[in-house]
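Here are the chains, one letter per residue:
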Amino acid sequence: MGLPPIVTGVSPKEGPPGTRVTIRGENFGNGPDDIIGLIICNSDCLLSAEWVSSNKIVARSGPGKSKGDIVIITKSGGKGSCTVQFRGYHETIGPLKESAVWVDESHLTGLGRHRALIPSSYQQDDPLGLSVENAVKKYPEEELQELFPESNGELGSENFSPSWFLLQHHHSTGFDDLKAGLSFLKRRVEAQKEGQISFLKTHAGSVIEQMDTLMTLKNVVEENKTKYGPDMTASVENSILNAKTEAGRLFDDVLKRKEQADGTRNALGILQRFRFLFHLPSTLDKNIQKADYDLVINDYARANALFGQTEVQVFKRVLQEAEQRILNLREVLQEKLQQYPASLEEQKKIIRNLTNLESPNDPAWLCIAGQYKHCSQILFQCKDKYLSLEQEEIVKSGPARGKRSNNLLLPSSNSAESSSNTTPGRVTFLEELNDRFISVFPELWKLGQAYFGGELFVRADTLKKEEFKKMVLDVVTIFSQLIRAALIPHTLDRQSPHRAQFGIWQAFSGIFADHEGMGSWFVLCLRTVRTCYAELLTLELPVEALDAIRDLLHDLRVHCMRNLLMQAAENISHLANQESWKLVFIESHGSITQLPHVFETQVIECLQLVKETVFQSEQRETNLMENASVLSDLNLLVQKLLFSFARSTERLSSSDQDHSEDSTREMKLLLGLSNCQYTMLHILPRFKDHWNKLGYPDLTAAIQAARDLLEKTEDRLMEAYLEEKVEPLIGIVEPSMYAGRFDWNKNLPITNDIRPYCKEIIMNMIAVHAEVAQVSPSLVPRILERVVREVAAELGRLFSCVNKFSDSGALQASADISALSRACLNVGKNPNETRLPFSEAADMIPPLTTPESIESHKRILVNFEERMKFQLFCLDIN
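Reading the values: the criteria
- Residues numbered from 1 in each chain as written.
- Predicted model: local features only at pLDDT ≥ 70, side-chain atom pairs only at ≥ 80, totals over all residues.
- Heavy atoms only, no water.
- UniProt positions renumbered as here; feature names shortened; annotations may be inferred.
- Bend = angle between axes of the 7 residues up to and from the residue.
- Helix = DSSP H or I, 4+ residues; strand = E, 2+ residues; numbered from the N terminus.
- Patch = residues over 30% accessible without salt bridge, like charges linked within 9 Å, V, L, I, M, F, W, Y side chains within 5 Å.
- Areas by Shrake-Rupley, 256 points an atom, 1.4 Å probe, with all protein chains shown as cover.
- Salt bridge = Lys/Arg side-chain N within 4 Å of Asp/Glu carboxyl O.
- Buried < 20%, exposed > 50% of the residue type's maximum accessible area, 1.4 Å probe, protein only.
- Contact = heavy atoms within 4.5 Å.
- Phe/Tyr/Trp six-rings, centres within 6.5 Å; stacked < 30°, edge-to-face > 60°.
- Lys NZ or Arg CZ within 6 Å of the ring centre and 35° of its normal.

The name recorded for the chain in an unreviewed UniProt entry is Exocyst complex component 2, from Daphnia galeata. Per UniProt, the comment on the chain under Sequence similarities (unreviewed entry) is "Belongs to the SEC5 family."

So this is what it looks like as structure tokens:
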């Protein structure tokens, strides 16, 4: 409803009927059709009104007299008010002034038979014979009207007031002049009385002629009475009647045609005068076809205002036809209001039109209810579409595919085979569901806000606020539950009676089994929902609606964290497939493969991605860093992530397959040991620094557990390597020792040198030393120590099996053991043990008792050190 009209100015301020009046003010309507009433001095002047703008109207005054208000009535603002008035008066019509009414001119007839009236003589002289030219200022007419409300100062008027006349024309005339004027008026009246007698005297001849004429006329009448009888006019009357009858017969057809022409002319005049009403049905049809509903409503309202109370049957029939078209238009608009999608402005326009058409229902609330139903339908339709696609894919792929179906691996197109380059169907489902939700839900919310804010041209029912809030929560809940059913079904209540309506998606055994980078799809899903959440925050929704999406985001973030870490662990566990066994030399450590660095890169990238997408809380999201359950899961998942590298390393190093010439099993075991050691010494500490920079909580427990597992892996790899190297080495000691049927109890020639089996043992240990030092020098002491101890144990066993030593046999055995002890002086010594590795074997040999044997023993050792100086240097780990 607009503001009421206000009239603040009028020009001119007075005038006779038909005066062109310019009216100024405010709120005069939106157009000519908005003006439904114009009253000037209690007279309806609407037919002459000409709308110029919302601040100006031009009209002609009516027959109203005296002062009165100017009132404007509009559809949009109702009845208005005014701050000014217009005075209407009736002029005295002279003989030369055009007039649409009869003017009595009898008082203008001059005395005398042949006297002509001079037009200029009609100027009324002052009855007092006084001049009014000296009047400087006229008496205000408004005060005269207040003093004499029922009178005026016109000489010829029935309500003539002498006091009004004197104040109007002689308010500044002196008293003496007024007395002289009174004397003049009395003389004039007396002169007018005497003028009748003098008139007869002056025209005595004419009067006598008239008397003679009358006598002659009398004589003729008497003669005719004698001649034609007392009824002298009977024959004349009969002649006149006969003439009339004959004239009627002659002109009957002409008169009938004239009557028909007059009737036709009158009908055309009525049609022309009321052409707006008679053309109203066809005008409404044309405007309805053009969808110009505002013009239709304005025309119908104008017709009702002008002819709504008419008793003319023709007008009533025309109005009934127009009303039927309005009823049909109302039905069309109601159907159009339920058509979606539609913009908010279009819906507002339709609601306004239905309100103006006085729809019996509340069109705004019907639109809100329809929008709510439409929102729910398109969300469920999206779910049904992708569920059917999943079923089609399962049918095409067969039972084997169905058993390992991935709940996110649905075809986003009609292709039968999914590829790692295609977007999983359920991700496409989420994107389309989000697009549909964002396209319709804000319109529902804005429509409701406009309804309760009074912007939909209807009076809002405040009792429906709770019902509208429930609609909003229902739509948001449907959106949230559909996403949960598709991505994180474990978060839904399986016992809920409404569980099935959100979709039962195919279960899966391996997350993204057919799509590499499964965590990235969850990241995309999370970003999509976050975009939707940010859009909803701008709408100022109820807290309950925002909480539903925030809880969904919380569960998606936790699920995304788990999947990212699980995917990284899965990728790391398959690093063995990427191993090329190309050595990378580290100056401070030795040689490793690319595996530790790939492991480090993947872990850091994964944690960086988890931090940016999961733990980086955006607007009004929960802080996962403060959730103890989430932190516990994070610690456990990081621990599994680190464990996967140890298991991958052990599995790769222990594999018996794909051994090339450059990557034997022994080399793989050594590289696995080196990788484990490098990871424990360098990579795990770097992980701690990276996590601290990223703001993660303390993960020392996970690092320590990974270190313990790597140490156990290292021990197992060490045992496997020693098994590969030591067993062949030990296995050749006994055959080499007893080659040529050697016997320790025989008298042996003095050779001044150790036996060949000792040299073979030393050379094999040098080979082990060279192989280990080539990969990781830090492993040499540990591995050689184990080799020496195993060799010493084997020699102890062999010497314990000798029944008896001859003197020369004892000398040779003692020299062999002493040479091996000298060669392994800095290798096999364990600081936790007091005895040397070869002490057990030495105890099995009889001691040397003669000076000759002791001297020979020394000479053999000197020769050994001289001859095998280079070999001893190779075994010196210091």
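The next subject is helix H19 (residues 665-694). At Thr679, H19 shows its strongest bend, of approximately 45°. Among the residues trailing H19, Gly695 stands out with phi positive, at a value near 85°.

Turning next to a nonpolar patch on the surface. On the surface, Phe199, Leu200, Val207, Met211, Leu214, Leu217 and Val221 cluster together to form a nonpolar patch covering roughly 630 Å² of accessible area. Residue assignment for the nonpolar patch shows that the elements contributing at least two residues are helix H3 (175-202) and helix H4 (204-228). By secondary structure assignment, the location of Met211 is in helix H4. Of the residues examined, Met211 reaches a relative accessible area of 48% and is grouped as partly exposed.

What follows is about the environment of Gly80. Here Gly80 is to be found in the loop between strand E9 (78-79) and strand E10 (81-82). Taking C-alpha positions, Gly80 is 4.3 Å from Pro5, a pair spaced 75 residues apart along the chain. Residues in contact with Gly80, not counting those within four places in the same chain, are Pro4, Pro5, Val71 and Ile72.

What follows covers the packing of aromatic side chains. Applying the stated criterion to the full structure yields 17 aromatic pairs. The interplanar angle of 85° and the centroid separation of 4.6 Å between the aromatic rings of Phe742 and Trp744 together place this pair among those described as edge-to-face. Each member of the pair Phe742 and Trp744 is classed as buried. The rings of Trp365, Trp445, Tyr451, Phe452 and Phe468 are connected pair by pair, giving a single aromatic cluster. The positively charged end of Arg302 is found above the aromatic ring belonging to Phe276, 4.4 Å away from the centroid. The ring of Phe742 is capped by Arg755, whose NZ or CZ atom sits 3.5 Å from the centre of that ring.

Moving on, we come to the environment of Glu467. Of note, Glu467 is situated in helix H14 (residues 465-487). Given the relative accessible area of 41%, Glu467 is considered partly exposed. Along the primary structure Glu467 and Ala369 are separated by 98 residues, whereas in three dimensions their C-alpha atoms are 10.0 Å apart.

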